[in-house]
Amino acid sequence: MMRMGVDLGGTKIELVALSEAGKELFRKRIPTPREYKATLDAIEALVNEAESTLGQKGTVGVGIPGVISPFSGLVKNANSTWINGHPLDLDLGARLDREVRVANDANCFAVSEAVDGAAAGKGLVFGVIIGTGCGGGIAINGKVHGGGNGIGGEWGHNPLPWMTPDEFNSTECFCGNKDCIETFISGTGFVRDYKAAGGDAPSGIEIARRMEQGEALATAAFERYIDRLARSLAHMINMLDPDIIVLGGGVSNIEAIYPRLPEALSKYVLGGECRTPVVQNMYGGSSGVRGAAWLW
């Protein structure tokens, strides 16, 4: 069976077709039209092109930066706002004459890494995407755990755990709440904190590079970042106790994170010990689109 996955992002739509064994057969990326009908047209055209090129039909899964509400059947919480309020799975299914499965892009990331990536063989996987924002997804035995409200894994919109007095009531999140995890540990939050301390850098990667060069301001910012990341992950370990945590997104490329986290986690996980592996993803920017394919 051929599986096709579509990653519907704010700036690009990418389709990948995988064989039964997970071998990549076809890949194409196009700009995302910022209008609903045009987005449907674009995905339909990509699917038709892949099937025509390969000479076979396949299943279709789509990862989106939001979720399908289990109550209304409509997309909600998507930062690609033009798809909000529409039954994306049903509309695509009608065009393609087959069932289409749609899941949050962070859940697709978790599924990808659970099926044949950095978490292959693990039962309960928590996938974290740390970039401009901070998403999370849960895969159980290689399948998405969306939850009864469709928001399983959305840890980024819980408050930062064990806040210090200077952290409390210090940030505002786009979701409408204050002090969300996302506002502290996203790449955006890392840069904000560094700038508030008197530094200036375009990305968390650059702050980490300056730390490696011995800059005191960057080193202090990284220490705060690791502590906040550890608190946030410990919060999830105390509730979910996953077999493994896989990091994705731009911040996951900071190599200094991985040797530092184990000790930091043990300070906050219940019982004072923690051996939960926290690893970098295997498929990078391709993990989400591969996970969409593995929704089938």
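This text follows the structure it describes.
Residues numbered from 1 in each chain as written. Predicted model: local features only at pLDDT ≥ 70, side-chain atom pairs only at ≥ 80, totals over all residues. Heavy atoms only, no water.

Draft legend 1. Here's a closer look at the overall build of the chain. Along the chain, the regular secondary structure elements total 9 helices and 12 strands. Over its C-alpha trace the chain gives a radius of gyration of 19 Å, about what one expects of a compact globule, namely 19 Å for 296 residues. With 296 residues in all, the chain has 52% of them scored as buried. In the chain, the proportion of contacts linking residues at least 24 apart, taken out of those at least 6 apart, comes to 61%. (Helix = DSSP H or I, 4+ residues; strand = E, 2+ residues; numbered from the N terminus. Rg over C-alpha atoms; globule rule 2.2 N^0.38 Å. Buried < 20%, exposed > 50% of the residue type's maximum accessible area, 1.4 Å probe, protein only. Contact = heavy atoms within 4.5 Å.)

Draft legend 2. Seen up close, the layout of surface pockets. Its volume calculated, the largest pocket comes out at about 1400 Å³. Asn79, Asp105, Ile129, Gly133 and Gly135 are, among the 49 residues lining the largest pocket, the residues nearest its centre. Among the elements of the structure, β1 (2-8), α3 (105-116), β8 (124-130), β9 (134-140), α4 (181-185), α5 (187-196) and α9 (287-293) are those that each provide at least two residues to the lining of the largest pocket. Among the residues making up the lining of the largest pocket, the classes are represented as 12 nonpolar, 30 polar and 7 charged. (1 Å grid on protein atoms, 1.4 Å probe; cavity = no way out; pocket = protein on both sides within 12 Å on 5 of 7 lines; lining within 4 Å. Points joined across faces, edges and corners; volume = space filled by probe spheres on them. Nonpolar A, V, L, I, M, F, W, Y, C, P; charged D, E, K, R; others polar.)

Draft legend 3. Representation of unusual backbone geometry within the structure. Phi at Asn77 takes a positive value of approximately 65°, unusual for a residue other than glycine. In this fold, Asn77 is placed in the loop between β6 (75-76) and α2 (88-96). Within the chain, Asp97 stands out as a residue other than glycine whose phi angle is a positive 60°. Topologically, Asp97 is positioned in the loop between α2 and β7 (100-104). By relative accessible area, which is 71% here, Asp97 ends up exposed.

Draft legend 4. Representation of the nonpolar core. Core analysis: the biggest nonpolar cluster contains 43 residues, and Trp155, Ile185, Leu229, Leu233, Ile257 and Leu265 have the highest contact counts within it. Those elements giving two or more residues to this core turn out to be β8, β9, α4, α5, α6 (204-212), α7 (216-240), β11 (244-248) and α8 (257-266). Take this core: its biggest share by element is 11 residues, from α7. Residues within four places of Leu265 in sequence aside, it is in contact with Ala230, Leu233, Ala234, Ile237, Cys274 and Val278. Counting residues in each nonpolar core, the second largest holds 28 residues, with Leu40, Ala78, Trp82 and Leu92 among its members. (Core = buried A, V, L, I, M, F, W, Y, C linked by side-chain atoms within 4.5 Å.)

Draft legend 5. Fine view of the side chain of Asn104. Tracing the sequence through the fold places Asn104 in strand β7. For Asn104, the side chain forms a polar contact with the main-chain oxygen of Gly66, separated by 3.1 Å. If sequence neighbours within four positions are ignored, Asn104 has contacts with Ile64, Pro65, Gly66, Val67, Gly136 and Glu154. (Polar contact = N/O pair within 3.5 Å; in protein donor to acceptor, adjacent residues only side chain to side chain.)

Draft legend 6. A look at the packing of aromatic side chains. Under the definition given, this model contains 3 aromatic pairs. For the ring pair Phe126 and Trp155, a centre distance of 5.5 Å and an interplane angle of 90° mean the geometry is edge-to-face. On the criterion of sequence distance, the pair formed by Phe126 in strand β8 and Trp155 in the loop between β10 (143-144) and α4 is long-range, its members being 29 residues apart. In this structure, Phe126 and Trp155 share a single accessibility class: buried. Pairing Trp162 with Tyr268 gives two aromatic rings, centres 5.3 Å apart and planes at 25°, and the pair type is stacked. Residue Trp162 is found in the loop between β10 and α4, and its partner Tyr268 is found in the loop between α8 and β12 (278-280); the two are separated by 106 residues along the sequence. For Arg192, the ring lying beneath its charged end belongs to Phe184, and the centroid distance is 5.5 Å. Positioned over the ring face of Tyr283 is Arg290, at 4.1 Å from the centre of the ring. (Phe/Tyr/Trp six-rings, centres within 6.5 Å; stacked < 30°, edge-to-face > 60°. Lys NZ or Arg CZ within 6 Å of the ring centre and 35° of its normal.)

Draft legend 7. Quick peek at the pattern of salt bridges. Scanning the model with the defined rule gives 25 salt bridges in all. With a shortest N-O distance of 2.9 Å, Lys28 and Glu49 are connected by a salt bridge. Here Lys28 is found in strand β3 (residues 24-31), whereas its partner Glu49 is found in helix α1 (residues 36-54), with 21 residues between them in sequence. In this structure, Asp200 and Lys195 form a salt bridge, with 3.8 Å as the shortest nitrogen-oxygen distance. For Lys195, a relative accessible area of 43% gives the class partly exposed. Shared partners join several salt bridges into a network, and the residues in it are Glu167, Asp193, Arg224, Asp227, Arg228, Arg231 and Lys267. (Salt bridge = Lys/Arg side-chain N within 4 Å of Asp/Glu carboxyl O.)

Draft legend 8. Region of interest: the pairing of β9. Within β9, 6 of the 7 residues are buried, leaving the element largely enclosed by the surrounding structure. Bridging between β8 and β9 involves 7 bridges; their strand directions are antiparallel. Note on β9: the bridge partner recorded for Ile130 is Cys134. In textbook terms, the turn of a hairpin is the stretch between consecutive antiparallel strands, and for β8 and β9 this stretch comprises 3 residues. Bridging between β9 and β10 involves 2 bridges; their strand directions are antiparallel. Bridge pairing in β10 links Ile140 to Lys143. The turn linking β9 back onto β10 is made up of 2 residues, and Asn141 within it adopts a positive phi angle of 50°. (Pairing = 2+ DSSP bridges.)

The values are spatial; any link to function lies outside them.
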